[in-house]
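If you want the building blocks of each chain, they are given just below.
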Amino acid sequence: MAVDRSSFSGISQPRSGEEIRKAFLTFFAERGHEVVPSASLIPDDPTVLLTIAGMLPFKPVFLGHRRPPAPRATSSQKCIRTNDIENVGRTARHHTFFEMLGNFSFGDYFKREAIQWAWELSTDVFGLDPRSLVVSVYREDDEAEEIWRDVVGVNPQRIIRMDERDNFWASGPTGPCGPCSELYFDFKAELGDVGIDLEDDTRFIEFYNLVFMQYNRDSEGNLTPLANCNIDTGMGLERMAQILQGVPNNYETDLIYPLIEKAASLAKIDYEELDEKAKTSLKVIADHGRAVTQLICDGVTTSNLGRGYVLRRLIRRVVRHGRLIGLTNPFLVDMADTAIDLMKPSFPQLLERRQVILRELEREESRFMDTLERGEKLLADVLAGKPKKITGEQAFELYDTYGFPWELTEEIAQEHGINVDIKEFEKAMDVQRKRAKDASLSIDVTLQDTIDRLGNELRPTSFLGYTKLEHTSSVQALVVHGETAMRVESGDEVQIILDSTSFYGEGGGQVGDRGVLISKDSDAKEVLVEIDRVSRSRDVFVHYGRIRTGSVEVGDSLHGLVHQTSRRRAQAHHTATHLLQSALKLVVDSGIHQAGSLVSFERMRFDFHSPCAVSSLDLKKVEELINTWIVQSHRLEVHEMPIEDAKNAGAVAMFGEKYGADVRVVDIPGVSMELCGGTHVANTAELGAFKVVSETGIASGIRRIEAVAGPAVLDYLNERDVVVKELGRRFKAQPNEIVQRVLTLQDELKSLEKTLLLTRSELAIAKALGLVTQTVAIGESQYLVERLDGLNGDSLQSAAKSLLDQLGASSVVILAGAPELQNQSKVILVAAFGSHIISRGLKAGSFIGDIAKICGGGGGGRPNIAQAGGRDAKALDGALDEARNKLRLLLA
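All values reported here derive from a predicted model rather than from experimental measurement.

Reading guide: rules and limits
Residues numbered from 1 in each chain as written. Predicted model: local features only at pLDDT ≥ 70, side-chain atom pairs only at ≥ 80, totals over all residues. Heavy atoms only, no water. Helix = DSSP H or I, 4+ residues; strand = E, 2+ residues; numbered from the N terminus. Buried < 20%, exposed > 50% of the residue type's maximum accessible area, 1.4 Å probe, protein only. Pairing = 2+ DSSP bridges. Right-handed = clockwise from strand over helix to strand, strands pointing away. Axes fitted to C-alpha atoms, helices over the stretch in contact; angles between N-to-C directions. Contact = heavy atoms within 4.5 Å. 1 Å grid on protein atoms, 1.4 Å probe; cavity = no way out; pocket = protein on both sides within 12 Å on 5 of 7 lines; lining within 4 Å. Points joined across faces, edges and corners; volume = space filled by probe spheres on them. Nonpolar A, V, L, I, M, F, W, Y, C, P; charged D, E, K, R; others polar. Parallel < 35°, antiparallel > 145°, perpendicular 65-115°, else oblique. Left-handed = near helix turned anticlockwise from the far one by under 90°. Core = buried A, V, L, I, M, F, W, Y, C linked by side-chain atoms within 4.5 Å. Salt bridge = Lys/Arg side-chain N within 4 Å of Asp/Glu carboxyl O.

**Q** If you had to explain unusual backbone geometry to someone new, which residues and values would you point to?
**A** One non-glycine residue, lysine 268, adopts positive backbone phi at about 60 degrees. With respect to the helices and strands, the residue lysine 268 is situated in the loop between helix 7 (257–267) and helix 8 (276–297). Residue lysine 732 is not a glycine yet carries a positive backbone phi of 55 degrees. Tracing the sequence through the fold places lysine 732 in the loop between helix 20 (711–731) and helix 21 (738–769). Note on lysine 732: relative accessible area 75%, which makes it exposed.

Take a look at the structure:
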């Protein structure tokens, strides 16, 4: 029974979620802790997908990589976890989105204070009965047990020692670690203190975890005490709300229950009267509703990769569970509105991002409703056969052909008590991945193996190309035909590794430099090597080229000359990429972030996460803003600094990129600041101009802008000028008249197409009327089944309707044929049923769909008129014979 939530206000002891959060933060603020706002669900660390724990924002502090914000801190951190998503709604306290209240000490206080304050907060502030509390400690942590027993005064029978699996925290295989101590609430304290089993989650709930970081673990597993010990704690807000509000699960607290009520209201059902299955669906909708709202607010957009896929999966689960309780119309916007209103007191940014959140949910829900309806119908057909399991091939077909998520196939199958053959599904996925890879890649494996080996063996190449475009260096290694060589001759295709270079090696989206290597010493042999690209293996730069003159040996000195024009073009495009990202954030959405890029000599390409296309008006604004920055002549400043300093300064990092402890920051003051190892212009004025070429979608939730800057703008305009002049010549029109001339021609073409379509229909009807004599009568009914090749679907339907009008309401007309006489791989079948036939329970859609299967196809439509298709024209005559046989039986 859900608690009466109207009674929360006006009471001194915290009970509502809002009061619990405030009481926790106030308690620790009064004890010298700095209140730190919740960090984003998108963590600063590019190697972490989502914020999964309250301590994650402080992890660099605990690892010694960043200075602490204060000696003591406290926060209410929003978190997302989906590793046990199948338990959401099924257990009392599993969630995807949750808040973790925490207090932290960075080398300040330790066990005694942490334990005493945890007990004081739990018993004095939250009013929990000490007789209902149980404490766990690590099996070897005598100190913690003594504090709980002798200082706090906990009943020794209610102090339980636990193994390392439950009560020892580690940041990884090596590094800071230490024992834990946890507080549990006992819902059945009357059962006493004997035989306490903390694994019994019907009786106990863990609500407060204290981590004592006091050791460092080395690679051998040895533990040594830390000079400065730390405290990391976490209290689940939802769990404490369940305890204080006296409800049977976290979902029925005031933090989540309003969302359950909203979903139930939309479905016109009563939560209290539902069975457990329906209640589970409401809980999933409520939980995921909070999660997707917060994810989109923090800048996540739907995609098939990374955190975008997490968001997409959550949205799809909400939609599907909505359908299970009767919500067949879009409802996510209503749920998100309620979620925003529910959480806005603690997260006011939800109000600022409300329209972005609602727009993204509306778009994704609409897209998935179509996929879900089609996939559920196909899966229902499979399940109707009562199989022992869903084969991997069936699951893969649903996923690959119809876009139906495999995890939903698995979930639906489990609801019917059967499993999906995951191994077979993964095998099919591997085959598809290999097929895609084979189709898109052609790699010289021998060469790459040799390059990778040299990358491991040789010292890193010293890159000098930021400040100079020519440089003399020594040859460290030569590779020809995939094998290392000591000497190469004129005509050889070669890969050259130098000890230092001015050539930029491909990286960060920027292509490698072009140029030449020559012998500069007049007394040395004449050498000319044309370099057409430069790549990297580890930090070793590999120069790809051909020996045009002379020979080269390992140890020779060569003078490198980078092609200046190409470098300038690449620099202009790289700087333009930074400007574009800043402009998109300012004009379109501050949450936009990069998904990939290409910086070449001819153009630039920028991929970014966005739920919808950038409007033409916004594209114009972006282009104008960038050209304004170019005219304003902003100087670029490049600095090297520790990565944490760069992030604190606001530098943008690319998700998925790996950065060292020190990073290079490219700063255009007041415009852009990014971590970047690429080459750039010294001043934005060097770009001259910027022009957007196109804006397209390349994947769900990912857009691509292609553009040109610098000298490439003139190339682009010259190319377009040639096209415009040629169109003007062909259309005999001035440039400003070409568009209208094309529109006129399109109108004329549409008119001709309509005339052609009408003529074809009239021809089809004329042909069909000549078939009336082939009608077969059965009692008061009659049918006509004939083949007409060379007609499209519309023409066949027109002919069938005309014949049915002539034959009457007790008639059936079946027409079929190959639409293209030269291509017999496709057939079209049409069925028209009269009203008297329909009244007998016969339907055109189901009838013609079954016949089409004989031709390797399918289809359907309305009871009176339907169309289907097939892929095997050779089977068409046999299919029509089967249609005649079936009609003889059905109409008899």
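Moving on, there is more to tell.
**Q** Tell me about the pairing of strand 4 (residues 133–138), and name the residues and values.
**A** The element strand 4 is extensively covered by neighbouring structure, given that six of its six residues are classed as buried. A two-sided burial pattern is seen for strand 4, the buried positions comprising Leu133, Val135 and Val137 on one face and Val134, Ser136 and Tyr138 on the other. Examined bridge by bridge, strand 4 and strand 7 (residues 175–186) share five bridges and lie antiparallel to one another. By the bridge assignment for strand 7, valine 135 is matched with leucine 183. In terms of strand pairing, strand 4 meets strand 5 (residues 159–162) through four bridges, oriented parallel. By the bridge assignment, valine 135 is partnered in strand 5 with isoleucine 159. Regarding topology, helix 4 (residues 142–152) serves as the crossover connection from strand 4 to the parallel strand 5, and that connection is right-handed.

**Q** Outline the sheet that holds strand 34 (residues 858–861), supporting the account with residue identities and numerical values.
**A** The sheet built from six strands is open, its strands ordered 30-31-32-33-35-34 with mixed pairing. Strand pairing shows two members of the sheet lacking a second neighbour, strand 30 (776–778) and strand 34, which therefore form its edges. When the angles between neighbouring strand axes are averaged without regard to direction, this sheet yields 15 degrees. Relative to strand 33 (residues 827–833), strand 32 (residues 811–817) is paired through six bridges, and the arrangement is antiparallel. Looking across to strand 33, one finds that valine 813 is bridged to alanine 832. Along the sheet, helix 25 (residues 876–891) contacts strand 30, strand 31 (781–787), strand 32 and strand 33; its crossing angle with strand 31, the most-contacted strand, is approximately 180 degrees.

**Q** Summarise the environment of phenylalanine 185; cite the residues concerned and give the values.
**A** Summarising the element assignment, phenylalanine 185 is placed in strand 7. What makes phenylalanine 185 buried here is its relative accessible area of 13%. The sequence separation of phenylalanine 185 and aspartate 129 amounts to 56 residues, and the corresponding C-alpha distance is 9.2 Å. Residues in contact with phenylalanine 185, not counting those within four places in the same chain, are Leu128, Ser132, Leu133, Arg203, Phe204, Ile205, Phe207 and Ile243.

**Q** Run through empty space enclosed by the protein, naming residues and quoting values.
**A** Tallied over the entire structure, the rule returns one cavity of 30 Å³ or more. Roughly 40 Å³ of volume is contained in the largest cavity. Ile296, Gly299, Val300, Thr301, Arg353, Val356, Glu360, Asp589 and Pro611 are the residues that line the largest cavity. Residue classes in the lining of the largest cavity are distributed as four nonpolar, two polar and three charged.

**Q** Break down the packing of helix 1 (residues 17–29) against helix 3 (residues 111–125) for me, citing the residues and quoting the values.
**A** The packing of two helices is summarised by the inter-axis angle and the distance between the axes. With their axes 11 Å apart at the nearest point, helix 1 and helix 3 run at an angle of 135 degrees to one another. Our classification of the angle between helix 1 and helix 3 gives oblique. In this structure, helix 1 crosses over helix 3, and the sense of that crossing is right-handed. Of helix 3, the residues touching helix 1 (which contributes Ala23, Phe24, Phe27 and Phe28) are Trp117, Glu120, Leu121 and Val125.

**Q** Run through the nonpolar core, naming residues and quoting values.
**A** With 106 residues, the main nonpolar core has Phe126, Leu128, Trp148, Leu183, Phe207, Tyr208 and Met235 as its most contacted residues. Counting residues per element, this core draws most heavily on helix 8, at 10 residues. Once you skip the residues sitting within four places of it in the chain, methionine 235 turns out to touch Phe24, Glu99, Met100, Leu101, Leu121, Phe126, Phe207, Tyr208 and Met240.

**Q** Please provide a residue-by-residue account of the pattern of salt bridges, values included.
**A** One pass over the structure, following the stated rule, counts 49 salt bridges. A salt bridge links aspartate 129 to arginine 131; the shortest N-O distance between them is 3.0 Å. Take aspartate 129: its relative accessible area is 29%, and that puts it in the partly exposed class. Between arginine 312 and glutamate 364 there is a salt bridge, and its shortest N-O distance comes to 2.7 Å. One end of the pair, arginine 312, is in helix 9 (residues 306–324); the other, glutamate 364, is in helix 12 (residues 354–384), and 52 residues separate them in sequence. The pair arginine 312 / glutamate 364 is uniform in exposure class, with both members buried. Salt bridges here are not isolated pairs; linked through shared partners, they connect Arg312, Glu360, Arg363, Glu364 and Arg367.

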